[in-house]
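As a plain string of letters, each chain reads:
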Amino acid sequence: MAAAGSKSVLFVCLGNICRSPIAEAVFRKMATDAGVVDKWVIDSGATSDWNIGSSPDGRGLACLRKHDIETSHRAQQVTKEDFINFEFILCMDESNLSDLNRKAKSVKNSRAKIELLGSYDPQKQLIIKDPYYGSDEDFEKVYEQCVRCCKAFLEKNS
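Residues numbered from 1 in each chain as written. Predicted model: local features only at pLDDT ≥ 70, side-chain atom pairs only at ≥ 80, totals over all residues. Heavy atoms only, no water.

(A) Quick look at the packing of aromatic side chains. A full pass over the atoms with the stated rule returns seven aromatic pairs. Connected via pairs of aromatic rings, a cluster forms that spans Phe-11, Phe-27, Trp-40, Phe-88, Tyr-120 and Phe-153. Across the ring face of Tyr-132, the terminal group of Arg-59 is positioned such that the distance to the ring centre comes to 5.8 Å. (Phe/Tyr/Trp six-rings, centres within 6.5 Å; stacked < 30°, edge-to-face > 60°. Lys NZ or Arg CZ within 6 Å of the ring centre and 35° of its normal.)

(B) Structural detail: the pairing of strand β4 (residues 113-116). As paired elements, strand β3 (residues 88-91) and β4 share four bridges and run parallel to each other. Paired with Phe-88 across the strands is Lys-113, a residue of β4. Each parallel crossover has a hand, and the one from β3 via helix α4 (residues 94-104) to β4 is right-handed. (Pairing = 2+ DSSP bridges. Helix = DSSP H or I, 4+ residues; strand = E, 2+ residues; numbered from the N terminus. Right-handed = clockwise from strand over helix to strand, strands pointing away.)

(C) Representation of the sheet that holds strand β1 (residues 7-13) in the model. The four strands lie next to each other as β2-β1-β3-β4, forming an open sheet whose pairing is parallel. If you trace the sheet from one side to the other, it starts and ends with β2 (40-46) and β4, each paired once. With direction set aside, neighbouring strand axes in the sheet form an average angle of 20°. Contacting β1 and β2, helix α1 (residues 19-33) crosses the sheet at an angle of about 170° to β2. (Axes fitted to C-alpha atoms, helices over the stretch in contact; angles between N-to-C directions. Contact = heavy atoms within 4.5 Å.)

(D) Structural detail: helix α2 (residues 58-66). Along α2, the residues that are buried comprise Gly-60, Leu-61, Cys-63 and Leu-64. Buried residues of α2 fall within an arc of 160° about the axis and therefore sit on the same side. Contacts made by the buried residues of α2 are with α1 and α5 (136-156). The opening residue of α2 is Asp-57, an N-cap whose side-chain oxygen sits 2.8 Å from the backbone nitrogen of Arg-59. (Buried < 20%, exposed > 50% of the residue type's maximum accessible area, 1.4 Å probe, protein only. Arc of directions from axis to C-beta. Polar contact = N/O pair within 3.5 Å; in protein donor to acceptor, adjacent residues only side chain to side chain.)

(E) Representation of the pattern of salt bridges in the model. Evaluated as defined, the whole model comprises 10 salt bridges. Measuring nitrogen to oxygen at the nearest pair gives 2.8 Å for the salt bridge that ties Asp-33 to Lys-29. In this pair, Asp-33 and Lys-29 are both assigned in helix α1, four residues apart and thus about one turn of the helix distant. Residue Asp-33 is classed as exposed on the basis of its relative accessible area of 55%. Across the pair Lys-151 and Glu-155 runs a salt bridge, and its minimum N-O distance is 2.8 Å. Here the residue Lys-151 and the residue Glu-155 both occupy positions in helix α5, the gap between them amounting to four residues, near one helical turn. Judged by relative accessible area, which is 52%, Glu-155 ranks as exposed. Here the salt bridges do not stand alone but share partners, grouping Arg-19, Asp-93 and Asp-130 into one network. (Salt bridge = Lys/Arg side-chain N within 4 Å of Asp/Glu carboxyl O.)

(F) Main features of the environment of Cys-149. The residue Cys-149 is located in helix α5 in this model. With 63 residues separating them in the primary sequence, Cys-149 and Phe-86 have C-alpha atoms 18 Å apart. Once residues lying within four places of it in the same chain are set aside, the contact partners of Cys-149 are Leu-117, Gly-118, Tyr-120 and Asp-121.

So this is what it looks like as structure tokens:
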């Protein structure tokens, strides 16, 4: 549970091995660089249970390392408690949004604001496409979208 006076964000995608761990790592680095990481609870999760316990995709890790960002995240599935404990749940595409909104309806005291991370993109690219079946360039595009969106989200919520 987030400490009193802190803010919290959960980044979500389908499997929690590509997009959401990249977003989590990017946001954590931005919050650290801005000197506000101690004011945030930052995590990521999956709508599915396919990859629980797995490390992020190697191509995503390589992309993050290229930008001097490290992560030790392990894939986990979104829980009912997440809808109570997190202030923001930011997801990557319409399918994630639909799944999360459906799950939130079954949580009595859900307080999370569920949004597309892309809604913060100054370039108006609403959907962050899954790069799993793509190339290294697709992971780089996800990284760039996450940088733009996380920067705008942090600025709006600081």
